[in-house]
Amino acid sequence: MSTMTENDRELVPRGRGKGKDKKIGERVKNVFALLPEHIIYDIFLKLPPRDLHKKFRFICESWNRMICSDKFILQNAINSKPELLIQVACSRTFKSKLLIEAEDEEIGFKLRDFDMKPVGRVRPGCHGLYLVNSPRQTEVMRVLNPLTNFARALPLCPSRCPHKACGSALGYDRIANRHKVVHVYNADYGFEIFDLGGLQGEEWRRIPGPFEKYDRPYNVDDFSWSDPVSINGEVLHWYVDSCEFLISMDVSDERFSRTPLPDCDKVVYERNYALVEMDRRLCFVHTISYKEVDVWVLENFHGRVWVKKHSITSETVKYPRPLWDYAPEREFENDLPDLRRLVAVGCLSNGEVVVFKLHLSQGTGFGFYLYDMKRRVLRKFKMKIKAKQYFIPHRSGMVSLKSEVQSLA
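This write-up is about the structure you can find in this document. (Residues numbered from 1 in each chain as written. Predicted model: local features only at pLDDT ≥ 70, side-chain atom pairs only at ≥ 80, totals over all residues. Heavy atoms only, no water.)

## Regarding the pairing of strand E2 (residues 93-101)
Here is the key point about a regular strand: its side chains alternate between the two faces of the sheet.
Okay, so step 1: Relative to E2, strand E1 (residues 83-90) is paired through 7 bridges, and the arrangement is antiparallel. When the bridges of E2 are listed, Leu84 appears paired with Leu99.
Okay, so step 2: Hairpin geometry of E1 and E2 is characterised by an intervening segment of 2 residues between the two adjacent antiparallel strands and by a positive phi of about 60° at Ser91.
Okay, so step 3: Pairing analysis gives 5 bridges linking E2 to strand E3 (residues 109-113), with the strands arranged antiparallel. Looking at E3, one finds that Leu98 is bridged to Arg112. (Pairing = 2+ DSSP bridges. Helix = DSSP H or I, 4+ residues; strand = E, 2+ residues; numbered from the N terminus.)

## Regarding the state of the cysteines
Okay, so step 1: Taken as a whole and judged by the stated rule, the model has 0 disulfides.
Okay, so step 2: Residue Cys161 stays outside any disulfide, its sulfur separated by 3.8 Å from that of Cys166, the closest cysteine. (Disulfide = S-S within 2.5 Å.)

## Considerations on the nonpolar core
Okay, so step 1: Residues Phe44, Trp63, Phe72, Val143, Leu154 and Val181 are the most contacted members of the largest nonpolar core, which totals 31 residues.
Okay, so step 2: Looking at this core, the elements with two or more residues in it are helix H2 (37-45), helix H4 (61-67), helix H5 (70-79), strand E5 (129-133), strand E6 (141-145) and strand E10 (191-196).
Okay, so step 3: Considering every element that reaches this core, the biggest residue donor is H2, with 4 residues.
Okay, so step 4: Sequence-distant contacts of Leu154, defined by excluding residues within four places in its chain, comprise Leu131, Met141, Val143, Val181, Phe194, Leu196 and Trp204.
Okay, so step 5: In this structure, Cys283, Val295, Val317 and Val354 belong to the second largest nonpolar core, which totals 22 residues. (Core = buried A, V, L, I, M, F, W, Y, C linked by side-chain atoms within 4.5 Å. Buried < 20%, exposed > 50% of the residue type's maximum accessible area, 1.4 Å probe, protein only. Contact = heavy atoms within 4.5 Å.)

## Some words on empty space enclosed by the protein
Okay, so step 1: Under the defined criterion, the tally for this structure stands at 2 cavities of 30 Å³ or more.
Okay, so step 2: Contributing to the lining of the largest cavity are Pro82, Glu83, Leu84, Glu277, Gly346, Cys347, Pro393, His394 and Arg395.
Okay, so step 3: Sorting the residues of the lining of the largest cavity by element identifies E1, strand E20 (342-348) and strand E24 (389-394) as the ones contributing at least two each.
Okay, so step 4: Per-class residue counts for the lining of the largest cavity are 4 nonpolar, 2 polar and 3 charged.
Okay, so step 5: Taken as a whole, the second largest cavity encloses approximately 30 Å³ of empty space. (1 Å grid on protein atoms, 1.4 Å probe; cavity = no way out; pocket = protein on both sides within 12 Å on 5 of 7 lines; lining within 4 Å. Points joined across faces, edges and corners; volume = space filled by probe spheres on them. Nonpolar A, V, L, I, M, F, W, Y, C, P; charged D, E, K, R; others polar.)

Below you can see the structure in the form of structure tokens.
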């Protein structure tokens, strides 16, 4: 059965659908007119949320109903292509860029501006939603979606944390089908949770932290909680300055657990590994020496099953020098970076590419490298950052925390 009907009217908002855009819309509608509805549904699931929200939902009423349904919005957000949001500190606000795939670029990736008004620091989110600090009042947090322009301020957390040295994330309760804000600045005080759309009302709750008083792996005077690594928003993982385990939390049941680090043959130190999200799984990037880095993936969270996915070695890695970095006096110089200085900050291409940062000498900032695990190619990326930076996995989505169907206005 076709998803189009003769009675379907075009939904073209003011300022849209004129001239060339209207002709393109007509051609698209005619091509899809004879396809079964479930085929169109599957095709739309794979399209970028931005195109669906800005263009396709205005073609006709039946497409609008499909695209704006809660079920479709959530499925499309889950299938959204991974990108990396890079935030650079700039006075009270942050400059935000997206590192995305680009076939026309020499390295296969490029930076583009992130469609977000000047805001404070962005924390990990899910389904296109983010947890963001207010730039002028850091103690105020907001949930927003840059694509749909949805924004909502949260009440101050009971701890009155200024949100300058704490860990926060927007998670997803898959059982109750609602989002939650999880925040910690002091494990002794406990973790704070805010339910968005909870049946018992929306307010902050406090739950006990994961440690007994003398059971902490870190020195209280030297340690600050950081934002967790979020896996689909459903499981959060925190680095706790341990060479044996990390702290994990299932957002649905709000229970903490200790996730053992991989059983490596090499010694694991507190500062020689990084945790990142890789294709919706937790990734443990372990620096062995100046010529070897191992990449592990947590295949089964509840079963605590780690699998060694890849080894980066100086003997096997290919390091082609980019054209923009060419200099005649360095023509025969092998300037492969010391692998001990590379720190993993994210992944792209569904986990096939690892993004590293490297601290440059003499305090000149950070350089960046992309490593393709399939081709074993390490490439230098044309970007250098001097200020403090943050890296947040990004997947666009149309979720707006509204129970009603989104308006076309």
